[in-house]
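Letter by letter, the chains look like this.
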Protein chains: 2
Amino acid sequence: MTKEQLIEFISQQKTAFLASVNSEGYPVVRAMLAPRVIDGTDFYFSTNTSSSKVKQFTENCKACVYFYKRGRFKYQGATVTGTMSVCTDQETKNLIWRVGDTLFYRQGKTDPDYCVLKFTCQKAEYYCDFKIEKFEF
Amino acid sequence: MTKEQLIEFISQQKTAFLASVNSEGYPVVRAMLAPRVIDGTDFYFSTNTSSSKVKQFTENCKACVYFYKRGRFKYQGATVTGTMSVCTDQETKNLIWRVGDTLFYRQGKTDPDYCVLKFTCQKAEYYCDFKIEKFEF
């Protein structure tokens with residue numbers, strides 16, 4: 001598997017599992033919708049500025065995003081570690097905004113409670129059929 | 001939702017997403033089969049002694065286990081943080097052993113590459129329909 005194929009696998013998944021490290025040093029996982037935009041090795045997610053993950057990533061940028069696919073006979077998983085930036089600038093907020101988002105952010109793309117999480121890949125491990133492949137970006 | 005109902009929700013899920021913190025301070029997520037045994041607020045998983053998660057939990061016991069269920073109209077998620085013990089004693093290994101496990105651990109329940117991860121819940125957050133409930137154990 002090449003890096004391009006790994007990103008292709010990731011871009012096909014509908015759910016991402018995002019982990020931060022909280023102020024007490026515990027990892028914290030939650031499901032997210034798949035990245036809105038994947039640009040090279042940067043993944044962009046939308047979120048609430050007031051969420052606990054924004055607080056955690058502001059204090060500690062170390063992050064993991066996990067993707068998996070369980071087929072009938074095959075299990076594939078990709079564990080990607082890297083850093084997370086909390087982006088509140090309007091340019092980045094415009095980049096991934098979709099019309100339907102007003103359902104969640106009433107004030108639209110300038111809503112102060114709408115912000116963007118930008119994840120930058122550093123390393124990845126891809127698991128398939130008990131084998132592991134490692135990548136560095 | 002009571003603590004008992006939260007544990008009931010957890011026990012119904014087939015996949016657990018397990019996070020550790022690696023030696024560089026990054027969270028690391030991977031999917032696991034659901035806990036083999038749930039005893040009160042202790043969850044027991046089987047794993048390979050040689051796996052990277054065993055190494056990570058031996059060095060840093062802080063852990064998170066995440067469970068989720070995505071229905072057609074409803075999304076539920078439970079983020080549970082706590083501590084992970086790596087158990088290599090035969091009594092604990094016997095506790096969660098199943099006959100079919102010889103497929104993965106050729107030497108059977110005494111296989112040195114078979115061990116048990118025992119997770120003890122400390123705190124939990126349950127998400128449903130944009131609401132969060134918090135629990136302490």
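Rules and cut-offs
Residues numbered from 1 in each chain as written. Chains lettered and ligands numbered in written order. Predicted model: local features only at pLDDT ≥ 70, side-chain atom pairs only at ≥ 80, totals over all residues. Heavy atoms only, no water. Helix = DSSP H or I, 4+ residues; strand = E, 2+ residues; numbered from the N terminus. Rg over C-alpha atoms; globule rule 2.2 N^0.38 Å. Buried < 20%, exposed > 50% of the residue type's maximum accessible area, 1.4 Å probe, protein only. Arc of directions from axis to C-beta. Contact = heavy atoms within 4.5 Å. Least-squares fit on C-alpha atoms with pLDDT ≥ 70 in both. Buried area = accessible area lost by both parts, 1.4 Å probe. Salt bridge = Lys/Arg side-chain N within 4 Å of Asp/Glu carboxyl O. Polar contact = N/O pair within 3.5 Å; in protein donor to acceptor, adjacent residues only side chain to side chain. pLDDT = per-residue confidence, 0-100. Disulfide = S-S within 2.5 Å. Phe/Tyr/Trp six-rings, centres within 6.5 Å; stacked < 30°, edge-to-face > 60°.

Across its full length, chain A holds three helices and eight strands. Ordering the α and β elements of chain A from the N terminus gives α-β-β-β-β-α-β-β-α-β-β. A compact globule built from 137 residues should have a C-alpha radius of gyration of about 14 Å, and chain A, at 15 Å, falls within 12% of that. C-alpha extents for chain A along the principal axes are approximately 45 × 35 × 25 Å.

Before going further, it helps to spend a moment on helix H2 (residues 52–59) of chain A. Residue and element names in this part refer to chain A. Along H2, the residues that are buried comprise Lys53, Val54, Gln56 and Phe57. Along H2, the residues classed as buried sweep out an arc of 165° about the axis, all on the same side. Projecting away from the buried face of H2 at angles above 90 degrees are the exposed residues Thr58 and Glu59. Of the surrounding elements, those touching the buried residues of H2 are strand E1 (15–21), strand E2 (27–33), strand E4 (42–48), strand E5 (62–70), strand E6 (75–87) and strand E7 (114–128).

Quick look at the relation of the copies chain B and chain A now. Mapping chain B onto chain A calls for a rotation angle of 180° and an axial translation of 0.0 Å; the resulting RMSD is 0.0 Å. On this basis, the relationship between the two copies can be described by a two-fold rotation axis. Within chain B, Pro27 of chain B has its C-alpha nearest the rotation axis, a separation of 2.9 Å.

A few words now on the interface of chain B and chain A. The interface of chain B with chain A comprises 29 residues on the first partner and 29 residues on the second. Taking both sides of the interface into account, the surface hidden between chain B and chain A amounts to around 2,400 Å²; carbon and sulfur atoms contribute 63%. Counting the surface chain B buries against chain A, the share from its top three residues, Tyr26, Pro27 and Val29 of chain B, is 26%. At the junction of chain B and chain A, the tally comes to two salt bridges. Among the ionic pairs, Lys123 of chain B bridges to Glu24 of chain A, the shortest N-O distance being 3.6 Å.

Looking now at the side chain of Asp101 of chain B. Looking at where Asp101 of chain B falls in the secondary structure, it is placed in the loop between helix H3 (90–96) and strand E7 (114–128). Side chain to side chain, Asp101 of chain B and Arg36 of chain B meet in a polar contact 2.8 Å long.

Further remarks concern the pattern of salt bridges. Residue and element names in this part refer to chain B. In this structure the tally under the stated criterion is ten salt bridges over all chains. Here Glu59 makes a salt bridge to Lys55, at a shortest N to O gap of 3.4 Å. Here the residue Glu59 and the residue Lys55 both occupy positions in helix H2 (residues 52–59), the gap between them amounting to four residues, near one helical turn.

Turning next to unusual backbone geometry. Working note: non-glycine residues mostly have negative phi, and peptide bonds are mostly trans. Residue and element names in this part refer to chain A. Phi at Asp129 is positive, roughly 50°, even though this residue is not glycine. Among the structural elements, Asp129 can be located in the loop between E7 and strand E8 (131–136). Given a relative accessible area of 41%, Asp129 falls into the partly exposed group.

Further remarks concern the environment of Val28 of chain A. Relative to the assigned elements, Val28 of chain A resides in strand E2. As for Val28 of chain A and Val86 of chain A, which are separated by 58 residues in sequence, their C-alpha atoms are 17 Å apart. Ignoring anything within four residues of it in the chain, the contact list for Val28 of chain A reads Leu18, Ala19, Ser20, Asn22 and Gln56 of chain A together with Cys64, Thr79 and Thr81 of chain B.

Turning next to the confidence of the model for chain A. A residue-level look at chain A finds 100% of positions with pLDDT of 70 or above and a mean pLDDT of 96. This prediction of the complex comes with two scores: 0.95 for pTM and 0.95 for ipTM.

So, on to the state of the cysteines. Here, disulfide denotes a covalent bond that connects the sulfur atoms of two cysteines. All names here are of chain A. A complete count under the given rule lists zero disulfides over all chains for this structure. No disulfide involves Cys64; its sulfur sits 10 Å from that of Cys121, the nearest cysteine. With relative accessibility at 0%, the residue Cys64 sits in the buried group. Cys121 sits in the buried class, given a relative accessible area of 5%.

This part takes up the packing of aromatic side chains. Under the defined criterion, the tally for this structure stands at 27 aromatic pairs over all chains. Ring centres of Phe104 of chain A and Phe130 of chain B lie 5.9 Å apart, and the angle between their planes is 45°; on these two criteria the pair is classed as tilted. In this pair, Phe104 of chain A sits in the loop between helix H3 (90–96) and E7 while Phe130 of chain B sits in the loop between E7 and strand E8 (131–136), so the two residues belong to two different chains. Taking relative accessible area as the criterion, Phe130 of chain B reaches 77% and is therefore assigned exposed. An aromatic cluster is defined as three or more aromatic residues linked by ring pairs; in this entry it consists of Phe17, Tyr66, Tyr68 and Tyr75 of chain A together with Phe17, Tyr66, Tyr68 and Tyr75 of chain B.

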